[in-house]
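Below, each chain spelled out in residue letters.
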Amino acid sequence: MQIDWIHFSPWSALLGGALLGLASGLLALLAGKIAGISSILGGLLSSQSSKEVTWRAFFLLGLLLTPLLWLAFKTPADIQISASTPVIIIAGLLVGIGTRLGNGCTSGHGVCGLSRFSIRSLAAVASFMGAGFVTVLMTRHLF
C-alpha cells in the first residue's frame, strides 16, 4: 500500500474523527445505542422490530453515502493495493471472525468502548492492535 501524501490532510482526518465522535456520542445520548458497526449490521439482519430496522438501515446508508458526498468536494487519493483478491477475501473473513469472537469491532470497542472506560474494550483494542502490528511485521518485514 502506498499513501498519496500530496492529497493527505490531517485536517480531513481531524474532521472525520470529530464527526465520528459526534455521531457516536449523539447516538449514545439520544438513543442509548452504541455505534458498533458489527452490532448495528447484525441487529439489522436479525431484528423483527420496524423501529430497530429503520434506524439501523439509515445509519448504514449514511456510512455508504457519506464517502460519495465527500467526493463531490474533494479529489480522491490514489490508493494502490498490492494484495491479490483471494488474500483480501481471506483477510475480510478473518476480520469478520475476529469481530464475532471479540463481541464487537473497532468502532464499538475502539470508539465507543474506550470512551466509556470499558476494560473489556481496552482488552479488545489491545488485542486487535497487537495482532495488526504482528501481522504487518510478519508480512512486510519478515516474509
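Please read all numbers here as calculations on a predicted model, not as lab measurements. (Residues numbered from 1 in each chain as written. Predicted model: local features only at pLDDT ≥ 70, side-chain atom pairs only at ≥ 80, totals over all residues. Heavy atoms only, no water.)

### Re the pattern of salt bridges
Per the counting criterion, the structure on display carries 2 salt bridges. Its salt-bridge partner being K33, residue E52 comes within 2.9 Å of it at the nearest N-O pair. Here E52, found in helix α3 (residues 50–71), pairs with K33, found in the loop between α1 (10–31) and α2 (37–46); they are 19 residues apart in sequence, far enough to count as distant. Assessed through its relative accessible area of 19%, E52 is described here as buried. In this structure, R56 and E52 form a salt bridge, with 2.9 Å as the shortest nitrogen-oxygen distance. A residue pair is termed a helical-turn pair when its members lie 3 or 4 positions apart in one helix, as R56 and E52 do in helix α3 at 4 residues. You can call R56 buried: its relative accessible area is 13%. Each of K33, E52 and R56 takes part in one network of salt bridges that share partners. (Salt bridge = Lys/Arg side-chain N within 4 Å of Asp/Glu carboxyl O. Helix = DSSP H or I, 4+ residues; strand = E, 2+ residues; numbered from the N terminus. Buried < 20%, exposed > 50% of the residue type's maximum accessible area, 1.4 Å probe, protein only.)

### Description of the packing of aromatic side chains
Inspection of the entire model under this criterion finds 1 aromatic pair. Seen in terms of ring centroids, W55 and F59 are 6.4 Å apart; in terms of plane orientation they differ by 85°. Their pairing is edge-to-face. Here W55 and its partner F59 are both found in helix α3, 4 residues apart, which amounts to about one turn of the helix. Classification of W55 by relative accessible area gives buried; the value is 19%. Under the relative-accessibility criterion, F59 is labelled partly exposed at 22%. (Phe/Tyr/Trp six-rings, centres within 6.5 Å; stacked < 30°, edge-to-face > 60°.)

Function cannot be inferred from these measures alone, as they are strictly geometric.
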